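# Residue-level structural notes
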Amino acid sequence: MPPMTDTVEKGYEFPFNQKLLEESSKLKEERRVVRERLQKIEQNRTKVSSNVYQRVFGDYSQKMEEITRALASKKHDIDTELERLHETQKKLESNLAQHKEELEELQFRQELGEYDAEKYHSQSMTQKEKIKKFETLLQAVKINTQRYEKIFEGEEGLSFHHEAPPSAKDLGSEEEDFFHEPQKAPPDWTETTSPNLEAEKETGGKAHLTLISGNDNVGVEYPVMEHLTIGRSNSNTIAIRDAKSSRQHAEIEQKGNGFVLRDLHSSNGTFLNGEKTQEAVINDGDEIRIGDHVFKFKI
């Protein structure tokens, strides 16, 4: 098999950067560990004081942001390599199809009696050798492609689209702060000074949103009291790291014994059970999607 890092045949490149793969794998593992620790922090928040919780949560949120940014950068580099591999694959497949067709034509002409046995044997062997060569090269490309794509398999928020990750410049002024605002700990709902404490008592403290899909903190539960906001800005009750989310994206407001979901004129819309909505009453078990984040509402 041809070497993975060299140009095997003029015009056919087989890029494979082992160092890039190793660095990406290391970051992916670090991200997994930090994600698990963030979940444990939420699960055990009542065991420590508010100040300790806020400091530890903030430290790990910052780590998650730094690792995710670094991993997204590595993925960009891998996407660039993949683009080259896909172009090489197209060229190889085209050449392979051409030589198979030429062999088929030789066989047909030989059956017609156009070639004698010696001439047919010589020309058909040439085509068969080229077919074998291109099949080998094509296999090498596919192996490298699979090795690159496997590194981010199942990694939320980092699936392959074979394009550069969005930058603040690309997203426009409304989205710029997504790449500059540090992740902060959510409000400490255990404090008795919470302005929403009475609303929490009225609903029995049971209403909450659980993040079931998104970039970070999957599985974390967020209490829903008399008023809650969701968006990219850290001023929200639930701040999410999602380029598809507006800074102030949506809100949930308590109305009597029920709750109303309201879109705050977001750029990409708010979805309730898969349907885009401007304002709607939400019920137990409903799913709310904002960008790539999905929350399940429970009472």
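Below: a short report on this structure. (Residues numbered from 1 in each chain as written. Predicted model: local features only at pLDDT ≥ 70, side-chain atom pairs only at ≥ 80, totals over all residues. Heavy atoms only, no water.)

### Digging into the packing of helix α1 (residues 18-43) against helix α2 (residues 50-111)
The axes of two packed helices give the description: the angle between them and the distance between them. Using the following cut-off: For helices, the fitted line uses only the C-alpha atoms of the stretch in contact; every axis is such a line through C-alpha atoms, and the angle between N-to-C directions lies from 0 to 180 degrees. In DSSP terms, a helix is any run of H or I states spanning at least four residues, a strand is any run of E spanning at least two, and both are numbered starting from the N terminus. Each angle is binned into one of four classes, with values under 35 degrees roughly parallel, values over 145 roughly antiparallel, values of 65 to 115 roughly perpendicular, and all other values oblique. In this scheme, a crossing is called left-handed if the near helix is turned counterclockwise away from the far one by less than a right angle; it is called right-handed if the turn is clockwise. Gly is placed with the polar residues, together with every amino acid not listed as nonpolar (Ala, Val, Leu, Ile, Met, Phe, Trp, Tyr, Cys and Pro) or charged (Asp, Glu, Lys and Arg).
At a closest axis distance of 9 Å, the pairing of α1 and α2 adopts a crossing angle of 155°. Considering their axes alone, α1 and α2 lie roughly antiparallel with respect to each other. As α1 runs across α2, the sense of the crossing is left-handed. Class assignment for the residues of the contact of α1 with α2 results in 14 nonpolar, three polar and ten charged.

### Considering the packing of α2 against helix α3 (residues 117-150)
Remark: α2 packs on α3, axes separated minimally by 9 Å, with the N-to-C direction vectors making an angle of 160°. For the element pair α2 / α3, the angle class is roughly antiparallel. Crossing handedness for the pair α2 and α3: left-handed. Split into classes, the residues belonging to the contact of α2 with α3 amount to 14 nonpolar, twelve polar and nine charged.

### Points about the sheet that holds strand β11 (residues 279-282)
Convention followed: At least two DSSP bridges between two strands are required for those strands to pair.
If you walk across this open sheet you meet the five strands as β6-β5-β7-β8-β11, and the pairing is mixed. In this open sheet, the two strands that pair with only one neighbour each are β6 (238-239) and β11. As paired strands, strand β7 (residues 250-255) and strand β8 (residues 258-263) are joined by six bridges and run antiparallel to one another. Note on β8: the bridge partner recorded for Glu-251 is Arg-262.

### A word on a nonpolar patch on the surface
As a reminder of what qualifies: Surface patches are drawn from residues lacking salt bridges whose relative accessible area is over 30%; two like charges belong together within 9 Å, two nonpolar side chains (Val, Leu, Ile, Met, Phe, Trp, Tyr) within 5 Å. What sets the accessible areas is the Shrake-Rupley method with a 1.4 Å probe; for residues, cover comes only from the shown protein chains. Here, a salt bridge means any side-chain nitrogen of Lys or Arg that lies within 4 Å of a carboxyl oxygen of Asp or Glu. Buried, partly exposed and exposed residues are distinguished by accessible area as a fraction of the type maximum, computed with a 1.4 Å probe on protein chains only: under 20%, between the cut-offs, and over 50%, respectively.
On the surface, Val-48, Val-52 and Val-56 cluster together into a nonpolar patch covering about 180 Å² of accessible area. Tracing the chain through its elements places Val-52 in helix α2. We classify Val-52 as partly exposed; its relative accessible area is 31%.

### Focus: the packing of aromatic side chains
Using the following cut-off: Two rings from Phe, Tyr or Trp (for Trp, the six-membered ring) form a pair when their centres sit within 6.5 Å of each other. Planes less than 30 degrees apart are called stacked, planes more than 60 degrees apart edge-to-face, and all others tilted. For a lysine, the NZ atom is tested; for an arginine, the CZ atom; a charge sits over a ring if that atom is within 6 Å of the ring centre and within 35 degrees of the ring normal.
Taken as a whole and judged by the stated rule, the model has three aromatic pairs. A centroid spacing of 5.7 Å and a plane angle of 40° characterise the contact between Tyr-53 and Phe-57, whose relative ring orientation is tilted. Of the two residues, Tyr-53 and Phe-57 both sit in helix α2, four residues apart, roughly one turn of that helix. Owing to a relative accessible area of 2%, Tyr-53 belongs among the buried residues under this scheme. A residue is classified by how much of its surface remains accessible, and Phe-57, at 3% relative accessible area, is buried. Relative to Phe-295, the ring of Tyr-222 lies with its centre 6.4 Å away and its plane at 70°, an arrangement referred to as edge-to-face. One end of the pair, Tyr-222, is in strand β4 (residues 221-223); the other, Phe-295, is in strand β13 (residues 293-298), with 73 residues separating them in the sequence. Phe-295 matches Tyr-222 in its accessibility class, with the two residues each being buried. Over the ring of Tyr-60 we find Lys-63; its NZ or CZ atom is 4.6 Å from the centre of that ring. The residue whose ring lies beneath Lys-133 is Phe-134, and the NZ or CZ to ring-centre distance is 4.5 Å.

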